[in-house]
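# Architecture and fold: a report
The lines below spell out each chain.
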Amino acid sequence: MSIAVAFLFLLIFARFFQVQITQGEKLRYRALDQWTREIPIVAERGKILDANGVVLADNSPSWSVFVRPNAVKDKDATAAALGKIFDLNSSALAEKLRTTKVSEITLARHVAKDKTDELDKMDLPGVYYARDNTRVYPHGNMLSRVIGFTSTDNMGLTGLEKFYDKYLAGISGEIAYETDLVGAEVEGKAYYLPATDGMDLRLTIDYSIQAVAEGAMEKLYEQYSPVTAQVIVLDPQNFDILAMAESPSYDLNDVPRDDPETLNALSRNNLISDIYEPGSTFKIVTAAANIEEYMRGNTAAFSLSHIFNSSRTRTVDGTTVKCWSNHANGKHSHQTLAEALNNSCNPCFTDIALSLGKETFYDYLEKFNFGKPTGIDFSGEAQGMLLAESAVRACDLARIGFGQTVAVTALQLACAGAAAVNGGYYYQPRLVKEIRTPDGAISEKIPVSLKNRTISEEASKALATLLEGVVEKGSGSKAYIEGYKVAGKTGTAQKFENGAIAQGKYVSSFLGFFPADRPQYLALVIVDEPQGAYYGSVVAAPAAREIFQGIIDAKDIQPYETR
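Let us look at the structure shown here. Model, not experiment: these values are computed from the prediction.

Another aspect to go through is the environment of Val525. Here Val525 is to be found in strand S19 (residues 521–528). Placed 16 residues apart in sequence, Val525 and Ser509 show a C-alpha to C-alpha distance of 5.3 Å. Residues contacting Val525, with those up to four places away along its chain left out, are Met217, Leu220, Gln230, Val231, Ser508, Ser509, Phe510, Ala540, Ala543, Ala544 and Ile547.

Okay, structure coming up:
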């Protein structure tokens, strides 16, 4: 009997502990909620700034208006007054005030101060307003596909606004006033729970470079009427994203929310989320693998002085690979690797891939992180498309060597290109480098992260020199800037639709960097379905030159002869 009594008291004590200690605060809040009217104190959303402190996303003061139907004394008069101020259907609002079962109605969000001034003059019982914030973007459509936008209640929906929402959002507070049973305010104590404002993001993006990139893409879009014109600019020394621009874009202050199809198309970051066959820009990776293997003593690799077969075609597994040139009058004959890059001759890179073999070539595709996400701090990153090594035939390998039968994101290719020419270091790209408190103190740093090595510094240096030749005297000549050691590779890829070549549809591109001997800036320009011209050398390379020249001017970079 005594054991049963002791057990009973133990159960009572456990319940007492749960109610008073474990759930005490929650239950006290629920009791308070039944006898109070809460006015929210909206946390200010954190700002988004570029690497140098230029504000890219900010807040503008606004107000939200609420109605407590039970506390409204004259519902028709109140509805008429509110309808006039906020341009609402007064009759429908009056009916809602009479019939609704909810304790509170949100009448309007993000209203201007002049509207709340009118409410103050009317002194309507049951109607109140609270401070809110309206998200504003000082530079309109700049970085629209990167920054993203928020919902009407300031929750991140796309882009960095979504990915870093837990830092940006903050925690709202409230002021609670005592009320009677029907929700009318009575004399009494006010309870104050302060808001915690959101944290600020300091990006790797450089406003001055972004502005140059945006201008170049708008110019491309106007000139060639493509589906899109895109560019990514990064720092090859740590893979910080310095700019991401795409045209067409849209004004973040005027989001087309009533047109979901258009909104989805314009807000999608194609540089990160879409894949495409890269074409000849991929030859950078093939050349990198060959040079590294040759320097390691692999006899299957070709030396820099090797002369490739001058035939225009190669036949592999019954599939014919052709050069874009007809090789007439001795064109593309007696080519070294440097000349093969200059001329962008497909058969030479077929030879390299087949000679290295599937196992070795796939080892390099793995090192350059194809077929998997880069890990950038952004939602919706695609992983690309890479055939399983076990399923690759010789004809597949031959085409992968010059950028077909493989699909990549622009970000993957830009990172691979950077890792091929920066000494062989592959980093995880990032868009945000610091998270700061509202008073400017650093709360968290996003570190530069080295993922792996791709090739040796010696091989990387040799490759960069060859790519400098492509710009000096090869297909990338329209990216040349006197005195600045610009290097790069053009690309012109036919598009495939439903498994077949889409006639007349091309992706023009150029992957370039400078200075070639120690790359500081790398840009990948991609133009999807340009009209009137389609070669990467004609369409994309000049745009890269414009961007590089803009960077030179903005950063006051001196020619190498004067250093």
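Next, the rest of the story.
A few words on the packing of helix H9 (residues 207–224) against helix H19 (residues 536–555). Packing of H9 against H19 brings their axes to within 9 Å, and their N-to-C directions diverge by 155°. As the angle between them shows, H9 and H19 are arranged roughly antiparallel. Pair H9 / H19 crosses with right-handed handedness. Residue-level inspection shows Ser208, Ile209, Val212, Ala213, Ala216, Met217, Lys219, Leu220 and Tyr224 of H9 in contact with H19, the latter providing Val538, Val539, Ala543, Glu546, Ile547, Gly550, Ile551, Ala554 and Lys555. For the contact of H9 with H19, the per-class residue count stands at 13 nonpolar, 2 polar and 3 charged.

It is worth spelling out the pairing of strand S15 (residues 442–445) at this point. When strand S14 (residues 432–436) meets S15, the two strands line up antiparallel, connected through 3 bridges. The residue of S15 that forms the bridge with Arg436 is Ile442. Connecting S14 to the antiparallel partner S15 that follows it, the hairpin turn spans 5 residues, and Gly440 within it adopts a positive phi of roughly 95°.

Here the focus is helix H4 (residues 90–99). Structural remark: α-helix, 3.6 residues per turn; residues separated by three or four positions point the same way. Taken residue by residue, H4 has Leu93, Ala94 and Leu97 as its buried positions. Projected onto a plane normal to the axis of H4, the buried residues spread over an arc of 100° and lie on a single side. Buried-residue contacts for H4 involve strand S3 (55–67), helix H3 (75–86) and strand S4 (105–111). With a side-chain oxygen lying 3.1 Å from the backbone nitrogen of Ser91, the N-terminal cap of H4 falls on Asn89.

Moving on: the nonpolar core. With 95 residues, the main nonpolar core has Ile241, Leu337, Phe349, Phe368, Leu463, Leu467 and Leu524 as its most contacted residues. Of all the elements, helix H17 (residues 410–421) adds the most residues to this core, at 10 residues. Setting aside its immediate chain neighbours within four residues, Phe368 contacts Val285, Ala288, Ala416, Ala419, Ala420, Tyr426, Thr454 and Ile455. If you look at the next biggest cluster of nonpolar residues, it comprises 35 residues, including Val486, Phe510, Tyr521 and Ala541.

On to empty space enclosed by the protein. With the rule as written, the count across this model stands at 1 cavity of 30 Å³ or more. Taken as a whole, the largest cavity spans an internal volume of roughly 70 Å³. At the level of secondary structure, the elements contributing two or more residues to the lining of the largest cavity comprise helix H6 (144–147) and strand S10 (241–247). When its residues are assigned to classes, the lining of the largest cavity shows 5 nonpolar, 4 polar and 3 charged.

So, how was this worked out
- Along every chain, residues carry numbers that run from 1 in the direction the sequence is written.
- Only residues with pLDDT of at least 70 get local features here, since the model is predicted, and only at 80 or more are side-chain atom pairs given and counted; chain-wide, interface and lining totals rely on the full set of residues.
- With hydrogens and water excluded, all non-hydrogen atoms of the structure serve as input to the side-chain values.
- Where helices and strands are cited, they refer to DSSP runs of H or I of at least four residues and of E of at least two residues respectively, numbered from the N terminus.
- Contact between two residues is taken to exist if any of their heavy atoms lie within 4.5 Å; hydrogens are not considered.
- Here an axis means a line fitted to C-alpha atoms, over the contact stretch when the element is a helix, while the angle between two N-to-C directions is reported on a 0 to 180 degree scale.
- Should an angle fall under 35 degrees it is taken as roughly parallel, and over 145 as roughly antiparallel, whereas 65 to 115 is taken as roughly perpendicular and any remaining angle as oblique.
- By definition, any crossing whose near helix is turned counterclockwise from its far helix by less than a right angle is left-handed, and any crossing with a clockwise turn is right-handed.
- In this classification, Asp, Glu, Lys and Arg are treated as charged, Ala, Val, Leu, Ile, Met, Phe, Trp, Tyr, Cys and Pro as nonpolar, and every other residue, Gly included, as polar.
- Any two strands are treated as partners once DSSP identifies two or more bridges connecting them.
- Throughout this description, buried means an accessible area under 20% of the type-specific maximum (1.4 Å probe, protein chains only), exposed means over 50%, and partly exposed covers the range between.
- By definition, the arc is the one covered by directions from the helix axis to the C-beta atoms.
- Each polar contact in these results corresponds to two N or O atoms within 3.5 Å; when the atoms are within protein, one needs to be able to donate a hydrogen and the other to accept it, and residues that are neighboring in sequence are counted only if both atoms are side-chain atoms.
- Nonpolar cores are built from buried Ala, Val, Leu, Ile, Met, Phe, Trp, Tyr and Cys residues. Side-chain atoms within 4.5 Å join them into one set.
- For each structure, a 1 Å grid was placed over the protein atoms alone; sets of points admitting a 1.4 Å probe that cannot get out are labelled cavities, open sets with protein on both sides within 12 Å along at least five of seven lines are labelled pockets, and lining residues have an atom within 4 Å of a point.
- Grid points are joined across faces, edges and corners, and a volume is the space filled by probe spheres set on the points.

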